[in-house]
Structures are given as C-alpha cells and as structure tokens.
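Remarks on the overall topology
Here is how the chains run, residue by residue.
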Amino acid sequence: MSGGTLKGVDTELMKAWRAKTERRVVSKRLRKVDAEALVTGAPHYTMDMVPDGALYAKIFRSPHAHAIIKKVRKDRALEVPGVLMVLTHEDVPRIPFTTAGQNYPEPSPYDTYMLDSRVRHVGDRVAVVVAEDEAAAEAGCDLLEVDYEVLPAVFDSREALADGAPLIHDEPDSTGIHDAGRNLAARIDVELGDVARGFKEADHVFEHTYSVHYVQHVTLEPHVCYSYLDGARRLVIVTATQVPFHARRIVARVNQVPISRIRVIKPRIGGAFGGKQEIVLEDLCGHIALKTGRPVAMELKRDEEFYCSRTRHPQSLTMKTGLTSGGRILANEMRVLANTGAYGSHALTVQSNTGSKSLPLYKSPNVKFVADVVYTNLPVAGAMRGYGAPQGYFALESHMDEIAHAMGMDPLELRKINMIREGDEDPIAPQLGEGKAGFRRIINSCGMDRCIEKAIAAVPDTRKEVRSGPFRRIVRGRGMAVCMHGTGIPGEDMGGATIKVNEDCSFNLLVGATDLGTGSDTILAQMAAEVLGVSLDDIVVYSSDTDYTPFDVGAYGSSTTYVSGMAVVMAAEKVRDKLREVAGELMGADPAEIEFKDGSFVSASGKRVHMKEAALKSFYGETKQQIVESASFLTLECPPPFGACVVEVEVDLDTGAVKIVDIASAVDLGRVVNPTLAEGQIIGSVSMAVGYAISEEMRFSEDGRMLNASLMDYKVPTSLDLPDIKAIIVETDEPTHPFGVKSVGEVCVDNVPPAIANAIFDATGVRLRDLPFTPERVLDALKEAGV
C-alpha cells in the first residue's frame, strides 16, 4: 500500500470490501442511534448525573494578568455556613503537567500546576472553595482576601520576545519550554530545498503579512466535571471530554494515583470543537473527591468559558512566494508568530499544523516554514476545530489571490497550475511532525477539480443584480478558496473496538472513540452492521468509558471514522469468522469453504445456516462459547480530504457591514458513510468559519481583561445571519480504507475566511489582511483606500 503500511490489516479483506459496490447500511441516510433520546431529552449530560448532596467546588480567579500570590486569607470564607475547605497552592501537590490531551509523551511543555503561587492571566486559578452547594461556594469566594505582588505583564507577541520583556515562565521546575528566557514556548524551523535560491531564480516575488485573532469555541455545554469514589474507593470522573483515556493518565500523574485506581466516563456531551481536548477541571475535581471522599461537581460559567478554558491561537503570518512568469511556484515561505497565551498547551503542534496542512497544497521545490510560539499574559490558546490550519489557509489562499491579480492571471488558473494532485507525494507534512519516522504521504485520491466545479456551479453570479438606493451604497463580490486537510495523525492515532455477540444475534459494540455530537457512535455502528450483515438497530453502542471500552486516543485530528472505523471493521470480521465456525459445525462443513450471503452462511453443497441460528447455537450448542472479539488499528497513512468554498458577499460602503449572500462548500471526503451526518459536519464547519471571518472576536482591555465575555457581546452568527449553506459531497475512492473513507469534521473550516476575503476584494477592490472583517475594520479600510 503506497505511503505507508497498515498495521494488522489483511490486504485481502481490504480488497474484498472495496470491491463491493452495493452497501446495505454504509452510505445510507440512517437516523442517529441516539436520535430519539436526544430529541426527547433522555440523554444524561454530566451535570444531570450529579446526585443530591454532592459538594460544589468553585475556583477563585485572579483579577490580575501577572502576579505573585503573597497570602490567601481563608478565615472569612471558612465561616460561611456550608463551606468545607479552601484549597491553595500550599494544599495540593506541585507537579508540572500539560493540560493538552495528547499522546504520551506529550509534545507540549509541562508548565501548568494544579494551583500555583503565581498567576499568569486574568482568570488564572488562585484558590478553590469547596462547599455543600453552589451558593455557599460563591459566598466563600466573595469573602476570600488575597494579597498580590503585581508583576509587569505583556500582551503582545512581539513585545514578549523583546529584550527585557517580563518573563512568564522562569520557574525552574517547568520542562519542555523551548526558551523560557525569551518567552518562547516552542519553535519550528523546517526547510526543504533552498528557498533563497528559489527566490533568486524567480521572475516574480511577492510578500504579504496577515493576522488572525482570538476566538473561542462557544460550546452550548461549558466545561463540566463530576467526581466520586466508587465502592472500591476508586476515583470515578464523569466529564465532558474529548479524551477520556488521556484525561485518566494526566489526572493520575498530577494526583499521584495509579491509573488502575481511576475510571473516566464521558457521557453525552454538548459540543467540544477541540476545546475539550484539554484537562480544564478534571485534575482539581478528582483531587477534591479524593480529599473529601464525597461526590463533587465543578463547572465553568459562560464568562469563565471564554477566558479560563481555551481559544484558537492568534497568529501573524508572513507569506513570501517566488514564481516564474508563467505562474509556476519556485519557492514558498511561511513565517508565523503565534500567541499561546499564559501556558503552552498545544503550542508546538497547532503551529506545526499551520504549515503541514496548508503548504503542501501547492507544489514547490523549495519550501520553508518557521514558527515562533510565544507566551503572553492573555488567555490560554489550545486545540480548536481545524487545529492551526484555518490560520495557515487564511494567509495562503489570500496570498494566492493577491499574486494572481498582481500577475494579471485568473486566480483559479494560478491554483490549478500549482496544485497537488493524485499520485503526488507531499514531502512537507512528515517534516512538520505529522507522524513517525518513515511516514510518506502519497495522495491516493483527490477530488479537488470536481469540488471546484461543483462549488462554482452552486453559487449563481448575482453581482450585476445589486441595486443601491439613495441612502445605501451596496456592492457585491464573489470569491473562492481551496484547501486540503488530514485524516488522523499517522503513527500516533490508535483506536480500539470490541464486539460481543448476544443470543438474538444482536451485537454490543464497545469503542473508546468519543462521540461529541458528531455522530461517531452511529458511523461506527453502521460499519459494524455492514460487515456483520445486520441492520443498524442490531448494534448496541457503548463508548468512552475507560473501564469498559478499549483504548482510543479520543476525538481529535479528524481520525475517528478512518482510524476507529478500521478497528471496528477488523473486530466485526473476527466475529463473523467465529460465527462462520459455528455454522460450519452445524453443517458439518469446512469454514474455509463457507460463504456469507444475505445474512446466512452457505456451504459449498448449498446448505444454509442463518446467522441468528449460529449466534444462538454458540451459546446453547454442543460447543458453548461467548463470542467476543477485539481489534485495534494504527496506520502510517493520512489521506487528505480536499475542499473548495465559493462565496458571494454584499458590502455596505457606508457602514462596512459584510453580508454573506450565498455560500457553497464542496468536499472530497472519500466515500461517505452517512450523507446526512456528513452534510451536518460541512454546515457546522462553514457556520463556525463565517463567525471567525466576520464577527467573532475576543476583545481585551489594556490590563488583559476580556471585555466581551458574554453571548450578548461576543457575536456568534445565528441562523438569521447566514444564508442556506450548500453542503456538497464529492465522493472519491480512498484505497487505504475498506470503505474508502477520509475525514470531513475539520476541512470545511479552512477555506471559508480566505474565500470571504477574496470576495470582499472582488466587491470593493480593497484587500483586507486582518481577521475579523467587522464593520468597523472594513469601513476603516474602505476609507483608507478612498472608496
């Protein structure tokens, strides 16, 4: 198999499934397995599960961006009826860790402490009040008195790198920081070929700088956690997390408890988008349960969710490209200055992704990527849908549009001249940490041309239909952008699955994969049902419980359908083979000569045993057994999905307001498992990306306080702000998976902001290089350009 080897997968199995053209369950628009429960309010979210009498813990947070905690006066807080204890850094272990839920050993610095004597951003942890109920905990927080030694703070990435800047992490026990003496959490410097020579040989060289800003995930359910000790005095953590197994490992380390003494359960979850690939409450919540022996609940309020959880990394990106007069790229360079905030969660890997996901899109013999990831005294950045790629694509696809106009070329033609295609090798991603040594990324499937064609056709050109009245000057513009993404992290992402047979030929599917509302429980059940030849109703899914489900890295990296799905296929094949053996005993036939057709096992002589009979006989026949099989899957492949976005915008020249008139997103996701769920992923991604582009922005005061930490002031687009989003599925056949799948969960975020930027330029002739395109920013740019 080109591009890598598939661990533990029978290549004949792959060929057999890919040769089948008819699907009974996979590729069908089937209802989610939890749909009825969702619409009737039956699923239990974390806070629904908290029992009466549980303790409530509330974090007291810093009002300062940078300070040393000199003294915490607990007396008045402890006098509040119902307050049990107040914990500070003096009361908990001092063990450095990273909150990033990543594979061990985590590539993020260990620069975080459960509670510390120093605060590094407004909202940082100072103390935690544990009480009998929420009201008492809040009253206790109100009565805490803290003496601070306020330190100089730094909020700008360039200023943080300057000589003499306040040092944010000069503590001796933090590890993995690239250069704490320069506030440099991480640094990346990779070059393929010789870009200096490429620029020298080029007929044209273009250089532009772009910037992207702080935004937040704004999940409907904030970070919540509930912990208790079970009958064996083991710690059980029920939490809204994307990464239950990583959470278990990190909580065990920080609390100095064996992993065997901890169980993590992820119930139904109200959205994540990367923000819950993080240990935000679990360490403290678990510690309090261990300390008190009682159940305890913790949650972030909406304002805390904005500035105390995680955000997308702000970046400044400089693109420099050298081309021949015919438009062929000879050298491509991207330089990134990123703000990781007060802690280095995902600092290295998000920025690696900025380069590794975007730069391979256009072939060049000479490529350079440099990223400096800097600490500041602002909220902590981390994982967010797209994981660094939206930042890179905003710069790259805006830059390509600018180059095309400067050279008098059609922007689409310039892209097509340089675009990576099926059969090409991507030499960049392996150099930027996308997998283990030996990983080669060959493009085995690419539907980009069809994505472009379908997206363009889906958005009619209505620019000439605009009519401006005497009090409104309206112009319309049309723009496009393309992108590629990834499917899992090769050599890192591993998923497991277990399938158990029941007497009635139903099956229990146990997976560690984490359904965040994306429908992965349904997708994996569809794959199992297809292999086993049963209906979706015959598969009972249980997921994300570290005691009962197999290991899975969690829901991130666009890996679940591909990686965890392969594990499900392998486990289902094993189960079917076991049932084939039972059928062989019943028929007196060699299992190797038995075929599976239409739910029955058929011998060479024509004898037939229905699978239901085989399942029943496995329990009550002469050879009694419980058939249960497990499989895990790791791949060195990372097949990229491809996407094209076309958008038409309306710009009010008097107010600067930008309205999305029409938008289409076409994506090559390989073969689709459930079209309805895939379309939901596309629409959700586009909605989030529109907010990133034109309205959402975390704003801060001069002393580092967030000014708009509410859903009233932080402008998330609603359905009234968006047109009907045209979600277009373009199927290709990805040969590295038995069902031909690739990912869809993140790719459609990447190309929307640059498509909107290009449409605004088309409408006004003004190039906007700084997100977001708020009315104020657009109007200022129009005035500066004399429009």
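Residues numbered from 1 in each chain as written. Predicted model: local features only at pLDDT ≥ 70, side-chain atom pairs only at ≥ 80, totals over all residues. Heavy atoms only, no water.

**Re the pattern of salt bridges**
Counted under the stated rule, the structure contains 52 salt bridges. Of the charged contacts, one joins Arg94 and Asp116 as a salt bridge, the two residues approaching to 2.7 Å between their closest N and O atoms. Highlighted residues: Arg94 in the loop between β3 (83-87) and β4 (118-119) and Asp116 in the loop between β3 and β4, separated in sequence by 22 residues. Its relative accessible area of 40% is what places Arg94 among the partly exposed residues. Here Asp170 and Arg118 are joined by a salt bridge, their closest N and O atoms 2.5 Å apart. Remark: Arg118 occurs in strand β4 and Asp170 occurs in the loop between α5 (157-161) and β7 (184-192); sequence separation between them is 52 residues. For Asp170, a relative accessible area of 46% corresponds to the partly exposed category. Residue Arg118 is classed as buried on the basis of its relative accessible area of 12%. (Salt bridge = Lys/Arg side-chain N within 4 Å of Asp/Glu carboxyl O. Helix = DSSP H or I, 4+ residues; strand = E, 2+ residues; numbered from the N terminus. Buried < 20%, exposed > 50% of the residue type's maximum accessible area, 1.4 Å probe, protein only.)

**As for unusual backbone geometry**
The omega torsion of the bond from Tyr104 to Pro105 falls at -5°, within 30 degrees of zero and hence cis. Locating Pro105 in the fold gives a position in the loop between β3 and β4. The omega torsion of the bond from Leu771 to Pro772 falls at -5°, within 30 degrees of zero and hence cis. Relative to the helices and strands, Pro772 resides in the loop between α19 (752-764) and α20 (775-785). At Gln256, a residue that is not glycine, the phi angle is positive and equals roughly 55°. Among the structural elements, Gln256 can be located in the loop between α7 (244-255) and β11 (262-265). You will see that Ser544, though not glycine, has its phi angle at about 65°, which is positive.

**A short note on the confidence of the model for the chain**
Across the chain, pLDDT averages 95, with 97% of residues at or above 70. Taken as a whole, residues 1-5 scores under 50 in pLDDT and shows 18 contacts with residues more than four places along the chain or in a different chain. (pLDDT = per-residue confidence, 0-100. Contact = heavy atoms within 4.5 Å.)

**Side note on the sheet that holds strand β8 (residues 204-212)**
Taken together, the five strands give an open sheet; going across it, the order is β7-β15-β14-β13-β8, and neighbouring strands pair in mixed fashion. Each edge of the sheet is formed by a strand with only one pairing partner; in this case those strands are β7 and β8. Each strand axis lies, on average, 5° off the axis of its neighbour in the sheet, ignoring direction. Across nine bridges, the pairing between strand β14 (residues 329-341) and strand β15 (residues 367-375) is parallel. Bridge pairing links Asn332 to Val367 in β15. (Pairing = 2+ DSSP bridges. Axes fitted to C-alpha atoms, helices over the stretch in contact; angles between N-to-C directions.)

**Quick look at the environment of Glu465**
Relative to the elements of secondary structure, Glu465 occurs in the loop between α13 (448-458) and β18 (474-484). Using a relative accessible area of 54% as the deciding quantity, one classes Glu465 as exposed. Residues Glu465 and Val475 lie ten residues apart in sequence; the distance between their C-alpha atoms is 9.8 Å.

**Describing the state of the cysteines**
Under the definition given, this model contains zero disulfides. Not part of a disulfide, Cys285 finds its nearest cysteine sulfur in Cys225, a span of 3.7 Å. Taking relative accessible area as the criterion, Cys285 reaches 0% and is therefore assigned buried. (Disulfide = S-S within 2.5 Å.)

**Concerning the sheet that holds strand β20 (residues 507-511)**
The four strands lie next to each other as β21-β20-β19-β25, forming an open sheet whose pairing is mixed. Pairing within the sheet leaves two strands with one partner each, and these edge strands are β21 (539-543) and β25 (628-634). Adjacent strand axes in the sheet meet at a mean angle of 20° when their direction is disregarded. Packed onto the sheet, helix α15 (residues 560-587) meets β19 (494-501), β20 and β25 and runs at close to 150° relative to β25.

**Let's talk about the pairing of strand β13 (residues 315-323)**
Summarising burial for β13: eight of the nine residues are buried, a large majority. Direction of pairing for β13 relative to β14: antiparallel, over a ladder of nine bridges. Bridging from a neighbouring strand, Leu323 pairs with Ile329 of β14. Between β13 and β14, which pair antiparallel and follow one another directly, the connecting turn spans five residues, one of which, Gly327, has a positive phi of 100°.

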